[in-house]
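Structural features, examined
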Amino acid sequence: MIPQGSTFTTRPQLAGTFGMVASTHWLASAAGMAVLEKGGNAFDAAVATGLVLQVVEPHLNGPGGEVPVIGYDAGEGAVFVLDGQGPAPAAATPQAFGQLGLDLVPGSGLLAACVPAAFGTWLLLLAAHGRLRLRDVMEYAIGYARDGYPVLPGISAGIASVAAAFRDHWPTSAELYLAAGVPVAGTRFANPLLAGTYQRILAEAEAAGPDREAQIEAARRAFYDGFVADAIGAYLARAEVMDVTGEPHRALLAADDLARWRPSSEPPATAGYAGLTVCKTGPWGQGPVFGQQLALLAGFGLATMAPGGTDYIHTVVECAKLAFADREAWYGDPRQADVPLAALLSAGYADQRRRLVGDQASPDLRPGSPDGRTPRLPGYAASAVTGGWTGEPVIALAATRHPGDTCHLDVADRFGNVVTATPSGGWLQSSPVIPGLGFCLGTRAQMFTLTPGLPNTLAPGKRPRTTLSPTLALRGGEPYLAFGSPGGDQQDQWTLGFFLNHVQYGMNLQEAIDAPAFHTRHFPSSFYPRESFPLAVHVEERVGRDVIAGLARRGHQVTVAPAWSLGRVSAVARADGLLYAAANPRGMQGYAVGR
């Protein structure tokens, strides 16, 4: 049992027995719950939730983005990971960027596009683990795209921030998002082009016959080897668009790249803590840093520290610096790189690294030597950028990415299934809308390095080391807790704080979410222009003046953020025959539903 709590929380921790859905938007959560009510399982509900998020949070994700998924299938009794991260195009090489005079992959435009993986990954989840038909999970997204949905303040602000770039450089985006001026928060907005794309995919799927699996496969073909891929390929063959470099560039992605790609399932990377087995993506994502942080923290006696106190925040931040330094040196797509993951997650390695944590904040980026290997850092990390954007301001807005430009969802059902997913990419600020389709491509290739010979060096067919990082924790081999957050490099910091609040300090799910959050920006950002801010720590002002002063005395450069501004964690849990859920008040749009 998870206590309901006796202190004030911004919303109740939900408890029930039928099903729970938590996500970063109330409409998506409601769609997922509707699917559970019609007899679907957690995986069906997750697909419906995810497709609605593509419509109602277009500034945070889209069909052209990506979505790592971690699930527990009760029928199989096992955890699975769907990679959900499209690879680099066949034409994408460091040499191709060198010929353009670039030493970083731009953060906007067409050059950074990988294969759009989100739609195909949702289809794989439905086919392999769901039970409903495609229409049953697509109808909610189609309805909102066709009939409209209330515009979030974040959508309005996001469009306003890039409106000039849309008008001057990305006319297809202006046609969709500025047809009647910048949409006003609270007004109704529809995307008929996206509705038409979804409807045509569904029509072609159902034309394949009554078989459920045949329909899902026909939908996949329509997107990756049919009219969607044709439209993408035709546009990219002729388009040359402005990006954050201040110069127009053509895409490296082509229709053939989509036709060659298939999403896949793989086992999770795991780490143990407090009797739980924590399941994360492999090192093609940043997920293993969560396990590395836990291994480091296991030797510090956190139980003796006050949650949210100076000692606690200092210790967590210093351990994060070490884990994320290893991310820069060692993480990458294990299909194409030799990543010493077992050594990185080992207790012995954590014991060695833990000795580097002192009473004062370290100003250094210090990757370790797993298995005795010598670490190397990318060029942008070895000579860290500490300034902001200095280029052409209008295009810089098109590349602006604030922490939180992602979505998240968690679902648990009465059958024992649990799933967690973090959709992102293909947001409206990333690149122009593809004509006739109503969505744009992603820019995840900006997370590659162009420094030769590193695990995350750009190569054709390679997955960029993404920041997207859902988490599933098992207790006794059974799913106990599923959670995640938007936030780029902060995802595995904000979620770690939530996890420790719950597991280490006994807070219930909502208390753990509501507690003051913090993170560091000490290490290189995963996003263009890959800046670092050594010693930087951001804390919500609710941590209190004494903690802020204590961190400053230890050498941290503290930025005090507004009281409710860091993180958008949501979670579901299973314990003692009950299901639980909680969502985040920050941003005023996340919601959990269940009974």
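Residues numbered from 1 in each chain as written. Predicted model: local features only at pLDDT ≥ 70, side-chain atom pairs only at ≥ 80, totals over all residues. Heavy atoms only, no water.

1. Observations regarding the overall build of the protein
Scanning the protein from N- to C-terminus turns up 20 helices and 21 strands. For the protein, whose C-alpha radius of gyration is 22 Å, the value lies close to the compact-globule estimate of 25 Å for 595 residues. Dimensions of the protein along its principal axes, counting C-alpha atoms only, are 60 × 55 × 45 Å. Looking at the protein as a whole, 65% of its 595 residues are labelled buried. Total accessible area on the protein stands at roughly 19300 Å², and carbon and sulfur atoms take up 54% of it. Taken as two groups, the 43 positive and 50 negative side-chain charges of the protein have centres that lie 2 Å from each other. (Helix = DSSP H or I, 4+ residues; strand = E, 2+ residues; numbered from the N terminus. Rg over C-alpha atoms; globule rule 2.2 N^0.38 Å. Buried < 20%, exposed > 50% of the residue type's maximum accessible area, 1.4 Å probe, protein only. Areas by Shrake-Rupley, 256 points an atom, 1.4 Å probe, with all protein chains shown as cover. Lys, Arg positive; Asp, Glu negative; His and termini not counted. Charge placed at Lys NZ, Arg CZ, Asp CG, Glu CD.)

2. Description of the sheet that holds strand 2 (residues 19-23)
Paired through backbone hydrogen bonds, the strands of a sheet run either parallel or antiparallel to each other. With antiparallel pairing, seven strands are arranged side by side in an open sheet as 9-4-3-13-12-2-21. The open sheet has two edge strands, strand 9 (265-266) and strand 21 (591-594), and neither has a second partner. Pairing of strand 2 with strand 12 (residues 409-413), which is carried by five bridges, proceeds in the antiparallel orientation. Bridging across to strand 12, Ala 22 finds its partner in Asp 410. Seen against the sheet, helix 1 (residues 26-37) touches strand 2, strand 12 and strand 21 and runs at an angle of roughly 160° to strand 2. Helix 4 (residues 118-129) contacts strand 3 (69-73), strand 4 (78-82), strand 12 and strand 13 (418-421) of the sheet and is inclined by roughly 155° relative to strand 4. (Pairing = 2+ DSSP bridges. Contact = heavy atoms within 4.5 Å. Axes fitted to C-alpha atoms, helices over the stretch in contact; angles between N-to-C directions.)

3. With respect to the nonpolar core
Judged by nonpolar contacts, the single largest core of 92 residues is most densely connected at Trp 122 and Leu 125. The greatest single-element share of this core, amounting to eleven residues, is contributed by helix 2 (residues 42-56). Every residue in contact with Trp 122, bar those within four places of it in the chain, is listed here: Ala 46, Val 47, Gly 50, Leu 51, Gln 54, Val 67, Val 69, Leu 409, Ala 421 and Pro 423. Among the nonpolar cores identified, the runner-up in size contains 50 residues, and Phe 290, Phe 483, Leu 509 and Ala 561 belong to it. (Core = buried A, V, L, I, M, F, W, Y, C linked by side-chain atoms within 4.5 Å.)

4. Structural notes on the pattern of salt bridges
A full pass over the atoms with the stated rule returns 28 salt bridges. With a shortest N-O distance of 3.1 Å, Arg 200 and Glu 204 are connected by a salt bridge. Of the two residues, Arg 200 and Glu 204 are both situated in helix 8 (residues 192-206); the distance of four residues between them amounts to about one turn of the helix. On the basis of relative accessibility, which here comes to 32%, the residue Glu 204 falls in the partly exposed class. For the salt bridge of Arg 586 with Glu 540, the shortest nitrogen-to-oxygen distance reads 2.8 Å. With Arg 586 in the loop between strand 20 (578-582) and strand 21 and Glu 540 in strand 17 (residues 536-540), this residue pair connects regions lying 46 residues apart in the sequence. Residue classification places Glu 540 among the buried residues on the basis of a relative accessible area of 0%. (Salt bridge = Lys/Arg side-chain N within 4 Å of Asp/Glu carboxyl O.)

5. What about the sheet that holds strand 17?
The strand order across the open sheet built from three strands is 16-17-18, with neighbouring strands paired in mixed fashion. Single-partner strands in this sheet number two, and they are strand 16 (518-520) and strand 18 (557-561). When the angles between neighbouring strand axes are averaged without regard to direction, this sheet yields 20°. As paired strands, strand 17 and strand 18 are joined by five bridges and run parallel to one another. Bridge pairing links Val 539 to Val 560 in strand 18. Against the sheet, helix 13 (residues 310-330) contacts strand 16 and strand 17, and its axis sits at roughly 35° relative to strand 16. Along the sheet face, helix 20 (residues 545-553) touches strand 17 and strand 18 and points at about 155° away from the line of strand 18.

6. With respect to helix 9 (residues 212-224)
For helix 9, built from 13 residues, the straight-helix expectation of 18 Å at 1.5 Å per residue is met to within 8% by its first-to-last C-alpha distance of 19 Å. For helix 9, the complete set of buried residues consists of Arg 212, Gln 215, Ile 216, Ala 218, Ala 219, Arg 220, Ala 222, Phe 223 and Tyr 224. Here the buried face of helix 9 lies against helix 2, helix 4, helix 5 (134-147), helix 8, helix 10 (227-238) and helix 11 (255-260). Its side-chain oxygen 3.3 Å from the backbone nitrogen of Glu 213, Asp 211 forms the N-cap of helix 9. (Expected span 1.5 Å × (residues − 1). Polar contact = N/O pair within 3.5 Å; in protein donor to acceptor, adjacent residues only side chain to side chain.)

7. A short note on helix 18 (residues 491-503)
In a regular helix each residue adds 1.5 Å, so 13 residues correspond to 18 Å; helix 18 covers 18 Å between its end C-alpha atoms and thus fits that length. Taken across its 13 residues, helix 18 has twelve buried, putting it largely inside the fold. Those residues of helix 18 not exposed but buried are Gln 491, Asp 492, Gln 493, Trp 494, Thr 495, Leu 496, Gly 497, Phe 498, Phe 499, Leu 500, Asn 501 and His 502.

8. Comments concerning the side chain of Gln 491
For Gln 491, the position within the fold is in helix 18. If we ignore the near neighbours within four places in the chain, the residues touching Gln 491 are Gln 286, Thr 406, Thr 422, Thr 467, Leu 468, Ser 469, Ser 485 and Pro 486.

9. Quick word on the environment of Arg 574
Within the fold, Arg 574 resides in strand 19 (residues 570-575). Judged by its relative accessible area of 22%, Arg 574 falls in the partly exposed class. Distance from Arg 574 to Arg 475, taken between C-alpha atoms, is 9.7 Å for residues 99 residues apart in sequence. Reaching out from Arg 574, the side chain makes a polar contact with the backbone oxygen of Pro 479 at a distance of 3.0 Å.

10. A word on the packing of aromatic side chains
The full count for this structure, using the stated rule, is 18 aromatic pairs. Centre to centre, the rings of Tyr 149 and Phe 189 are 6.2 Å apart; their planes meet at 75°, and the pair counts as edge-to-face. Here Tyr 149 is found in strand 5 (residues 149-150), whereas its partner Phe 189 is found in strand 6 (residues 188-189), with 40 residues between them in sequence. Across this residue pair, the class does not change: Tyr 149 and Phe 189 are buried. When the ring of Phe 290 is compared with that of Phe 499, the centres are 5.6 Å apart and the planes differ by 75°; the resulting orientation is edge-to-face. Remark: Phe 499 occurs in helix 18 and Phe 290 occurs in helix 12 (residues 288-297); sequence separation between them is 209 residues. Judged by its relative accessible area of 0%, Phe 499 falls in the buried class. The lysine or arginine in question, Arg 200, covers the ring of Phe 227, its NZ or CZ lying 4.0 Å from the ring centre. (Phe/Tyr/Trp six-rings, centres within 6.5 Å; stacked < 30°, edge-to-face > 60°. Lys NZ or Arg CZ within 6 Å of the ring centre and 35° of its normal.)

11. Structural notes on the confidence of the model for the protein
Residues of the protein with pLDDT of at least 70 account for 96%, and the chain-wide mean is 95. Contacts from residues 384-404, a stretch scored under 50 in pLDDT, to residues over four places away or in other chains number 42 contacts. (pLDDT = per-residue confidence, 0-100.)

12. Overview of the side chain of Asp 243
Position of Asp 243 relative to the elements: it lies in the loop between strand 7 (241-242) and strand 8 (248-249). One buried charged side chain, Asp 243, makes no salt bridge at all; its nearest oppositely charged neighbour is Arg 250, positioned 12 Å away. Among the polar contacts made by the side chain of Asp 243, one reaches the side chain of His 249 at a distance of 2.8 Å.

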